[in-house]
Amino acid sequence: MSPLASWARRHPRAAGGIRLLFSVLLLALVSFEGVVLARQPSAPHAAVWASGVLVCLSAAPWPGLPLLARAWFAAATTWTVTLLLVLGDRPTVVWGAGEAVALLVLLSQVLLRARARTAAVLGPLLGLGCMAVPVRDSDPGRFTLLFSVLTVVVTAYSLLLRLQSVQRLRELQAVRTAERLELARELHDLVAHHVTGIVVEARAARFTRVTAERAAEVLGRIETAGDEALGSMRRLVRILREDDGTPTAPATAPVAGLADIRDLARRFAGPPVVLYIEQGLDDRVPGDVAATAHRIVLEALTNIGKHAATATAVRIGLRTVPAGLEVRVADDGGHPARLSEKARGGGYGLAGMTERAEALGGRLTAGPAPEGGWLVTATLPL
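Just so it is clear, the model here is predicted, and its values are computed rather than measured.

Colleague: Could you give me a rundown of the packing of helix α3 (residues 43-59) against helix α5 (residues 97-113), with the residues and numbers involved?
Modeller: Between two packed helices, what matters for the description is the angle formed by their axes and the separation of those axes. Running from N to C, α3 and α5 point in directions that differ by 30°, and their axes come no closer than 9 Å. What the angle tells us is that α3 and α5 run roughly parallel. In this structure, the crossing between α3 and α5 has a hand that is left-handed. Contacts from Val-48, Ser-51, Gly-52, Val-55, Cys-56, Ser-58 and Ala-59 of α3 reach α5 at Gly-98, Glu-99, Ala-102, Leu-103 and Leu-106. Of the residues in the contact of α3 with α5, the class split is seven nonpolar, four polar and one charged.

Here is the structure:
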């Protein structure tokens with residue numbers, strides 16, 4: 001959007017007043033031409049004056065009259081009068097400045113706001129109509145050149161603004177699509193983590209004997225995980241559906257950070273978690289890096305629940321190293337949990353963690369640990 005259009009949107013009353021004043025000035029110019037030039041009124045002079053008045057009125061922003069209707073009417077009016085005068089009796093002296101300027105105003109608006117096909121047809125009609133206005137004069141040389149140059153300049157500038165607007169909309173749409181994909185990934189991570197915990201707890205209850213107290217505890221954790229999964233889903237889906245009618249990306253914020261990793265470790269439904277976060281790290285890590293660290297830990301814990309049924313402990317560590325922030329998640333498990341093929345997922349977790357680390361310029365490695373179990377190590381530059 002151009003600075004002038006942006007100002008007009010912020011000050012609609014002032015912009016409307018300026019447009020009205022401009023239309024009055026054009027009408028005054030047309031009337032002045034009619035009075036000065038038509039000292040001996042004739043039918044050709046009356047036709048020129050009537051055409052100028054109608055075209056200037058069409059250029060004014062009338063409430064309820066769409067731009068295209070006014071532009072088509074102005075083009076039809078100016079071409080009708082021009083052809084009648086060129087093929088018939090033309091007046092001796094005609095300026096046509098007011099009508100030409102009004103046609104240029106309509107031309108600019110059509111090129112900026114109309115659809116491409118409509119602008120490709122209506123734009124040349126208005127532009128050529130403006131260039132043809134001086135042809136009504138008996139000696140049109142100088143005025144024809146002047147209005148031809150003005151038509152070319154206005155057309156080029158309007159097309160440039162249109163191209164910039166289209167490019168800006170494409171860039172905003174690309175940013176919006178990227179943010180929605182990122183939110184979809186976060187939705188997958190959060191829901192997959194909670195649902196995996198539910199499945200693991202339910203299967204553990206099925207294949208082991210549990211007391212009434214133990215059953216109540218398991219069901220309580222399942223209920224809590226289900227509520228959190230639904231809450232996360234509703235919140236992210238609401239963000240995805242937010243749209244106020246403007247081509248801007250929805251305002252989003254990182255889902256979680258380092259502070260949430262402590263709560264994540266405390267509520268983990270698998271083996272006990274030992275968490276270490278370097279002192280003062282919360283104040284030194286940027287929000288995007290903290291959110292990425294949280295997602296890596298979240299996905300790693302989800303994978304432990306799926307693939308490390310025999311694990312007895314999980315170790316999570318976050319500390320600063322020369323390369324940035326190091327995130328380590330290790331377990332001592334060996335056998336996968338007894339989950340169905342649908343519950344195991346499609347193997348996108350490790351790929352997603354790697355993509356997030358590389359998006360920040362870092363790296364991630366995952367594989368068997370020397371002391372047994374599985375180790376995920378990510379380095380995120382600060």
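Colleague: Describe helix α4 (residues 67-87), and please don't skip the residues or the numbers.
Modeller: Relative to the 30 Å expected for 21 residues at 1.5 Å per residue, α4 spans 30 Å between its end C-alpha atoms, a close match to the ideal helical length. Residues of α4 that are buried: Leu-67, Arg-70, Ala-71, Ala-74, Ala-75, Thr-77, Thr-78, Val-81, Thr-82 and Leu-85. Buried residues along α4 cover an arc of 165° about the axis, so they all sit on one side. Of the exposed residues in α4, the ones pointing more than 90 degrees away from its buried face are Leu-84 and Leu-87. Structurally, α4 contributes buried residues whose contacts are with α3, α5 and α6 (116-132).

Colleague: Would you mind going over the sheet that holds strand β5 (residues 374-380) in detail, with residue names and values included?
Modeller: Sheet architecture is open: five strands sit in the order β1-β2-β3-β5-β4, paired in mixed fashion. Whereas interior strands pair on both sides, the edge strands pair on one side only; in this sheet they are β1 (273-277) and β4 (363-368). Averaged over all pairs of adjacent strands, the angle between strand axes in this sheet comes to 10°, irrespective of strand direction. As paired elements, strand β2 (residues 314-321) and strand β3 (residues 324-331) share eight bridges and run antiparallel to each other. For Leu-318, the partnering residue across the bridge sits in β3 and is Val-327. Sitting on the sheet, helix α11 (residues 287-307) touches β2, β3, β4 and β5, and the angle it makes with β3 is about 10°.

Colleague: I'd like a description of the pattern of salt bridges, backed by residues and values.
Modeller: Evaluation of the coordinates by the stated rule reveals five salt bridges. Arg-262 serves as the salt-bridge partner of Asp-282, at 3.3 Å between the closest nitrogen and oxygen. Of this pair, Asp-282 sits in helix α10 (residues 281-284) while Arg-262 is found in helix α9 (residues 258-266), placing the two residues 20 residues apart along the sequence. Exposure remark for Asp-282: the relative accessible area of 33% places this residue in the partly exposed category. Here the residues in one salt-bridge network are Asp-263, Arg-266 and Arg-267, joined through shared partners.

Colleague: Please give an account of the environment of Cys-56 that cites residues and values.
Modeller: Within the element layout of this structure, Cys-56 appears in helix α3. Judged by relative accessible area, which is 1%, Cys-56 ranks as buried. Between the C-alpha atoms of Cys-56 and Ala-100, which are 44 residues apart in sequence, the distance is 9.1 Å. What Cys-56 contacts, discounting residues up to four positions off in sequence, is Leu-26, Leu-27, Val-30, Gly-98, Glu-99 and Ala-102.

Colleague: Describe the environment of Ala-323, and please don't skip the residues or the numbers.
Modeller: Structurally, Ala-323 can be placed in the loop between β2 and β3. Remark: the alpha-carbon pair of Ala-323 and Gly-362, spanning 39 residues in sequence, is separated by 8.6 Å.

Colleague: Could you give an account of the nonpolar core, with specific residues and numbers?
Modeller: Counting residues in hydrophobic clusters, the biggest one holds 28 residues, and the most contacted among them are Leu-258, Val-297, Leu-301, Leu-318 and Leu-325. Listed by contribution, the elements that provide at least two residues to this core are α9, α11, β2, β3, α13 (348-359) and β5. Setting aside residues no more than four positions away along its own chain, Leu-258 makes contact with Ile-277, Leu-281, Asp-282, Val-285, Ala-290, Ala-293 and Leu-318. Counting 25 residues, the second largest nonpolar core, distinct from the first, contains Val-53, Cys-56, Leu-67 and Leu-122.

Analysis parameters
- Residues numbered from 1 in each chain as written.
- Predicted model: local features only at pLDDT ≥ 70, side-chain atom pairs only at ≥ 80, totals over all residues.
- Heavy atoms only, no water.
- Axes fitted to C-alpha atoms, helices over the stretch in contact; angles between N-to-C directions.
- Helix = DSSP H or I, 4+ residues; strand = E, 2+ residues; numbered from the N terminus.
- Parallel < 35°, antiparallel > 145°, perpendicular 65-115°, else oblique.
- Left-handed = near helix turned anticlockwise from the far one by under 90°.
- Contact = heavy atoms within 4.5 Å.
- Nonpolar A, V, L, I, M, F, W, Y, C, P; charged D, E, K, R; others polar.
- Expected span 1.5 Å × (residues − 1).
- Buried < 20%, exposed > 50% of the residue type's maximum accessible area, 1.4 Å probe, protein only.
- Arc of directions from axis to C-beta.
- Pairing = 2+ DSSP bridges.
- Salt bridge = Lys/Arg side-chain N within 4 Å of Asp/Glu carboxyl O.
- Core = buried A, V, L, I, M, F, W, Y, C linked by side-chain atoms within 4.5 Å.

Distances and angles like these do not, on their own, reveal function.
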